[in-house]
Amino acid sequence: MTESDSLTAAPTNFILSRIRAEVEAGRYDRVVTRFPPEPNGYLHIGHAKSIVLNFSVAGAFGGYTNLRFDDTNPAREEQRFIDSIKEDVRWLGYTWENERYASDYFEALYGFALHLIDNGWAYVDSQDADTIRAQRGTLTEPGVNSPDRDRPAAENRDLFERMRAGEFPDGAYVLRAKIDMAAPNINLRDPVLYRIRRQYHHRTGDDWLIYPTYDFAHGQSDAIEHITHSLCTMEFEDHRPLYDWLIEHLPVPSRPVQIEFAKLNIDFTVLSKRRLTRLVSEGHVAGWDDPRMPTLAGLRRRGFTPASIRNFCNEIGVTKSEGIIPYGVLERQLRDDLNARAPRRMAVLHPLRVVLTNFPENETEWFEAANHPQDPGMGTRHVPMTREIFIEQDDFREEAPRKFFRLKPGGEGRLRNAFIIRCDEVLKNDAGEVIELRCILDPDSRTGGPNADRKVKGTLHWVSAEHSIPAEVRLYDRLFNVPHPAGDRERDFIEHLNPESLQILDGARLEPELATATAGDFFQFERLGYFVPDLNTRPEGLVFNRAVTLRDTWAKLEKELAGV
RNA sequence: UGGGCCGUCGCCAAGCGGUAAGGCACCGGGUUUUGAUCCCGGCAUUCGCAGGUUCGAAUCCUGCCGGCCCAGCCA
């Protein structure tokens, strides 16, 4: 594995080992998979699991992966989603072999439908949707045959050709497979294969007025592309008999097999396209790429790296049992990746003015600071120190609790990369709030000085009041305040939205080095977390997003102390 | 109550008849000018439950229990 990454070195799982056995038995000389999104929304972290799986499976056996858009329903698909999906897959680090569309195969699929009709395995039904539904039976009762079920093949062919020709309105007819209305598996009760949709398609335009259903399009598309293993989520397990039935009854060029795995769930978020679409369309978030969204676009904007997401997918594994992964697991992967690679900087989110009483006025002293404490190769930069600086409000307590070892009246603290100071005086406003500290510095404690190694418990980050630059900083918290917002049967998941998921700070001060940061950069603001410039940051209006905090043992301790 | 699937530590997850991997979390301890990182150590006599088969079962059989999915002309 390179760096903290694993593009292809996925840990094993039941799919990988099954295919390995097949390959070793000589059943395949190469493995071809496909990632088949429907272009009706943005990709989310759940899709990432599928992408990583598909690409790593094919890659492990010298094969490749196609990107295939499952665009069989023109009513809800759009070009902009195709664009975003391609961008996201590329960003994740994967390169597909072929870019394909189910709509590329409409003509071939139509031919397959004719084949079924001619062999008496499909028929045109003239009943409306409600009637068909009523005849399908229930979970416990068998369905009943359609009166059109025994329509002669020639008549079926004629009707189907006229469906294509546009002679009928939407819903007038459907093509159905003739399987078994009494099958315990409802998907086998004469499933609909084609429906009339007089609708413009984003790729085929007005060429088609009938469109195949997922069940009819998917497996056959797999076969046409010589996909060897069609990996999908568990809810399609019931469709596998139909998938196989169609492959067996059609003159397809290859015989792919479908394997199902459990989809991803993460706590405190939702991962279904339907719900994500609602968050966007109802305006609960700023868009598909809102940094609070679990979409790849949102995670990217938030500051997540492709490697962190890939590593996450590999860490959680692939099985058939559905579980809920704590959001913290994803966050830790980001920390792991960025800890190794992010340059360190100092930034103060909630500034508290500190005057260093024995530091000369109008002077600037530059301190050299390592860009990474464990990686000297990342170099150093210089940070300016002046008589007036800002420290974090949280780093001073007038009434310090037990075990609080930052600054307090009369106490000492070390200014990171600089020297040790002692708090001599606390200035307050009329409201009694602390507005300024007067501190004296120990000149011998300068980095490299004779007293530099003096033991002082707390180390504080700081910026020069004069040299620091202002910035807006956006802090994010979980989008929902319950572990499983989609699992509530009484209340709509929207009701569980966390009203404090976004906090905007407009008074942050950054060390001057950060002035030139642009989208795509990433930093660790020491003692605070990992931050990235937002997509819309500008030199004259810096905006940073907090991707994730650092592990904060003190926050945890303090909570425990307060609780007991 | 029909069909399909799942149930191994708080969360993931190996294991596939020979006597419970690993990761995360958590709890100790060490290093540290980030209460970060890093390092060391601890952490299931037990595999949803109950029977059975076997010298031997998480692994095989039977029966229960719990959870998820399916009745779109969505995917």
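Residues numbered from 1 in each chain as written. Chains lettered and ligands numbered in written order. Predicted model: local features only at pLDDT ≥ 70, side-chain atom pairs only at ≥ 80, totals over all residues. Heavy atoms only, no water.

Quick look at the pairing of strand β25 (residues 543-549)
Selection rule: Residue burial is assigned from relative accessible area. The probe radius is 1.4 Å, only protein chains are included, and a residue is buried under 20% of its type maximum, exposed over 50%, and partly exposed in between. Under the DSSP-based scheme used, a helix requires at least four consecutive residues in state H or I and a strand at least two consecutive residues in state E, with every element numbered from the N terminus. A pair of strands counts as paired when DSSP detects no fewer than two bridges linking them.
Among the 7 residues in β25, 6 count as buried, and that is most of the element. The pairing of strand β24 (residues 529-533) with β25 spans 5 bridges and is classified as antiparallel. Paired with F531 across the strands is R546, a residue of β25.

A look at the protein's contact with RNA strand B
Keep this limit in mind: Only a single heavy atom is needed: when it lies within 4 Å of a molecule or strand, its residue is near that molecule or strand. What qualifies as a polar contact is a pair of N or O atoms within 3.5 Å, subject to a donor-acceptor requirement within protein and to the restriction that residues adjacent in sequence count only when both atoms come from side chains.
For RNA strand B, the set of nearby residues contains 65 residues, the closest of which are R197, F405, R416, T447 and T553. Here A129 contributes a backbone N or O atom positioned 3.0 Å from a base nitrogen of RNA strand B. Separating a base nitrogen of RNA strand B from a side-chain N or O atom of Q374 is a distance of 3.2 Å. Of all the secondary-structure elements, those providing two or more residues to the surface near RNA strand B are α5 (129-135), β6 (192-196), α11 (306-316), α12 (327-341) and α13 (553-563).

Side note on the pattern of salt bridges
Condition: Salt bridge, as applied in this entry: a Lys or Arg side-chain nitrogen positioned within 4 Å of an Asp or Glu carboxyl oxygen.
As enumerated under the stated definition, the model contains 48 salt bridges in all. Among the salt bridges present, the one from K178 reaches D150, with a minimum N-O distance of 3.7 Å. On the criterion of sequence distance, the pair formed by K178 in the loop between β5 (174-177) and β6 and D150 in the loop between α5 and α6 (153-165) is long-range, its members being 28 residues apart. Residue class for K178 comes out partly exposed when judged on its relative accessible area of 23%. A relative accessible area of 63% means that D150 is categorised as exposed. Between R416 and E526 there is a salt bridge whose closest N-O contact spans 2.7 Å. Of this pair, R416 sits in the loop between β16 (412-415) and β17 (420-428) while E526 sits in the loop between β23 (523-525) and β24; the two residues are 110 residues apart in sequence, bridging distant segments of the chain. Judged by relative accessible area, R416 falls into the partly exposed class, the value being 28%. E526 gets classed as buried once you look at its relative accessible area, which sits at 5%. It is possible to trace a salt-bridge network through shared partners that takes in D289, R301, E472, R474 and D534.

Quick look at the packing of helix α4 (residues 106-118) against helix α7 (residues 214-224)
Selection criterion: Axis definition: a line fitted to C-alpha atoms, limited for helices to the stretch in contact. Angles are taken between N-to-C directions and run from 0 to 180 degrees. Any angle that falls under 35 degrees is termed roughly parallel, while one over 145 is termed roughly antiparallel, one within 65 to 115 roughly perpendicular, and all others oblique. A clockwise turn of the near helix away from the far one marks a right-handed crossing, whereas an anticlockwise turn of less than a right angle marks a left-handed crossing. By definition, residues are in contact when any of their heavy atoms lie within 4.5 Å.
Following both chains from N to C, one finds α4 and α7 inclined at 110°, their axes separated by 11 Å at the closest point. Regarding the angle of α4 to α7, the classification is roughly perpendicular. By crossing handedness, the relation of α4 to α7 is classed as right-handed. Between α4 and α7, the contacting residues are A108, L109, F112, A113 and L116 on the first element and F216, A217, Q220 and I224 on the second.

Some points on the side chain of H496
With respect to the element layout, H496 can be found in the loop between β21 (469-476) and β22 (502-510). On the basis of relative accessible area, H496 is assigned to the buried category, the value being 5%. Here H496 is in contact with L479, F480, N481, V482, P485, D488 and R491, once residues within four sequence places are set aside.

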